[in-house]
Every structure is written in structure tokens, then in C-alpha cells.
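These are the residues of each chain, in order.
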Amino acid sequence: MSLLKNERAIIMSMWDKMASQAEAIGTETLERLFSSYPQTKTYFPHFDLHHGSQQLRAHGSKILAAVGDAVKNIDNLASAMTKLSELHAYILRVDPVNFKLLSHCLLVTLAARFPAEFTPEVHEAWDKFLSILSSVLTEKYR
């Protein structure tokens, strides 16, 4: 699966709107993940998981920074995400299904924060992009 030219443009355009709110979007996405899928909390036993905690904000920022890196390297995702893939597969040993859960929570957060901009076309492009990104991040598990 690959992105079409117009899908790339949609993703980059939406990222331009998201970038200035990256910490808030990342934090909200993580909070949504932990409340909707509480089993994902097991990877963060050392975190303060209370609403808006510094650790949630910091990790939310990291997640959105990685999404931003993926957007910037949209034509070369595999090599751009190698270190992140290795970290999650070999060191953190995160269950690959969690990338799909996080992607879903990010889509819901985007829809809630950008209701006018998050059209069906934007939803489709971002869903496809996050699916490709999840596949790249789980490559090292195979």
C-alpha cells in the first residue's frame, strides 16, 4: 500500500495545522488510549497517568514528534523509522497491536480537535498513512 500524491498533500497540510498543538494532541491521544484500552497502561508502570501529568505531556510530545518525522520523511518511512521500530520491538517489546490502537486514538483526537478540517478525505488519507506507519514500526517484529 502506498500513498497517492493527493493523499501526501492532505497529510502534509493537516500536519501543518497539528504541529503547533503537538503536545496537546499527543497528550489527549495518550489519555484516550489509556481510558479506552486500559491494558496499554502496562507499558508505563513508572508514569504518572493522571490527566495532564508532565510525563503524559512529555510522551505525547514524543509521539507527535515521531509522527512529524514520519510526515517529513513520507517518501522514505522505512529508513526514517528504523530506530523507533527497533526500540519498540527489541527493547520495549511493545505488542504490535498497540500501534493500531494508538493510531485509532489519534484519528479520534484529530476529528475532535479539527471538526471542520477532518473531512472524509482527510480521515481516509490519515488512516492510510497511520496504517502504513504502523506497518513500518512493526517490521522488526517479523
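Keep in mind the model is a prediction, meaning the values are calculated, not measured. (Residues numbered from 1 in each chain as written. Predicted model: local features only at pLDDT ≥ 70, side-chain atom pairs only at ≥ 80, totals over all residues. Heavy atoms only, no water.)

Draft legend 1. View of helix H1 (residues 5–18). If you check H1, its first and last C-alpha atoms are 20 Å apart, about what 14 residues at 1.5 Å a residue would give, namely 20 Å. Among the residues of H1, those classed as buried are Glu7, Ile11, Met14, Trp15 and Met18. All buried residues of H1 project into a common sector of 105° when viewed along the axis, lining one side. In this structure, H1 carries Lys5 and Asp16 as exposed residues pointing more than 90 degrees from its buried face. The secondary structure elements touched by the buried residues of H1 are helix H2 (22–36), helix H3 (54–72), helix H6 (97–113) and helix H7 (120–137). (Helix = DSSP H or I, 4+ residues; strand = E, 2+ residues; numbered from the N terminus. Expected span 1.5 Å × (residues − 1). Buried < 20%, exposed > 50% of the residue type's maximum accessible area, 1.4 Å probe, protein only. Arc of directions from axis to C-beta. Contact = heavy atoms within 4.5 Å.)

Draft legend 2. Focus on the layout of surface pockets. Empty space within the second largest pocket amounts to approximately 180 Å³. Lining the second largest pocket are 13 residues; nearest its centre among them are Lys100, Leu130, Ser131, Ser134 and Ser135. Elements with a contribution of two residues or more to the lining of the second largest pocket: H6 and H7. The element best represented in the lining of the second largest pocket is H6, accounting for six residues. (1 Å grid on protein atoms, 1.4 Å probe; cavity = no way out; pocket = protein on both sides within 12 Å on 5 of 7 lines; lining within 4 Å. Points joined across faces, edges and corners; volume = space filled by probe spheres on them.)

Draft legend 3. Local environment of the packing of aromatic side chains. Going through the model one piece at a time under the given rule, you end up with three aromatic pairs. A ring pair is formed by tryptophan 126 and phenylalanine 129, whose centres lie 5.4 Å apart and whose planes are at 85°; its orientation type is edge-to-face. Note that tryptophan 126 and phenylalanine 129 are positioned in helix H7 at a spacing of three residues, about one turn of the helix. Grouped by ring-pair contacts, the aromatic residues Phe34, Phe44 and Phe47 constitute a single cluster. (Phe/Tyr/Trp six-rings, centres within 6.5 Å; stacked < 30°, edge-to-face > 60°.)

Draft legend 4. How the structure looks around the environment of lysine 72. Relative to the elements of secondary structure, lysine 72 occurs in helix H3. Here lysine 72 falls in the exposed class, since its relative accessible area comes to 65%. For the pair lysine 72 and tryptophan 15, spaced 57 residues apart in sequence, the C-alpha separation works out to 9.5 Å.

Draft legend 5. Structural view of the packing of H1 against H7. One way to put it is that H1 packs onto H7 with a least axis distance of 9 Å and a crossing angle of 95°. Relative to H7, H1 is oriented roughly perpendicular. From H1, Glu7, Ile10, Ile11, Met14, Trp15 and Met18 reach across to H7, where they touch Glu121, Val122, Ala125, Trp126, Lys128 and Phe129. Looking at the contact of H1 with H7 residue by residue, the class counts come to nine nonpolar, no polar and three charged. (Axes fitted to C-alpha atoms, helices over the stretch in contact; angles between N-to-C directions. Parallel < 35°, antiparallel > 145°, perpendicular 65-115°, else oblique. Nonpolar A, V, L, I, M, F, W, Y, C, P; charged D, E, K, R; others polar.)

Draft legend 6. Just the pattern of salt bridges, in detail. In total, this model carries five salt bridges according to the counting rule given. Across the pair arginine 113 and glutamate 28 runs a salt bridge whose closest N-O atoms are separated by 2.8 Å. Of this pair, arginine 113 sits in helix H6 while glutamate 28 is found in helix H2, placing the two residues 85 residues apart along the sequence. Classification of arginine 113 by relative accessible area gives partly exposed; the value is 31%. The network of salt bridges with shared partners includes Glu28, Arg32 and Arg113. (Salt bridge = Lys/Arg side-chain N within 4 Å of Asp/Glu carboxyl O.)

Draft legend 7. Examining the nonpolar core more closely. Residues Ile11, Met18, Leu77, Leu110, Trp126 and Phe129 are the most contacted members of the largest nonpolar core, which totals 39 residues. Mapped by element, the contributors of at least two residues to this core are H1, H2, H3, H6 and H7. The greatest single-element share of this core, amounting to nine residues, is contributed by H7. Discounting chain neighbours no more than four positions away, the residues touching leucine 77 are Ala70, Phe129, Ile132, Leu133 and Val136. (Core = buried A, V, L, I, M, F, W, Y, C linked by side-chain atoms within 4.5 Å.)

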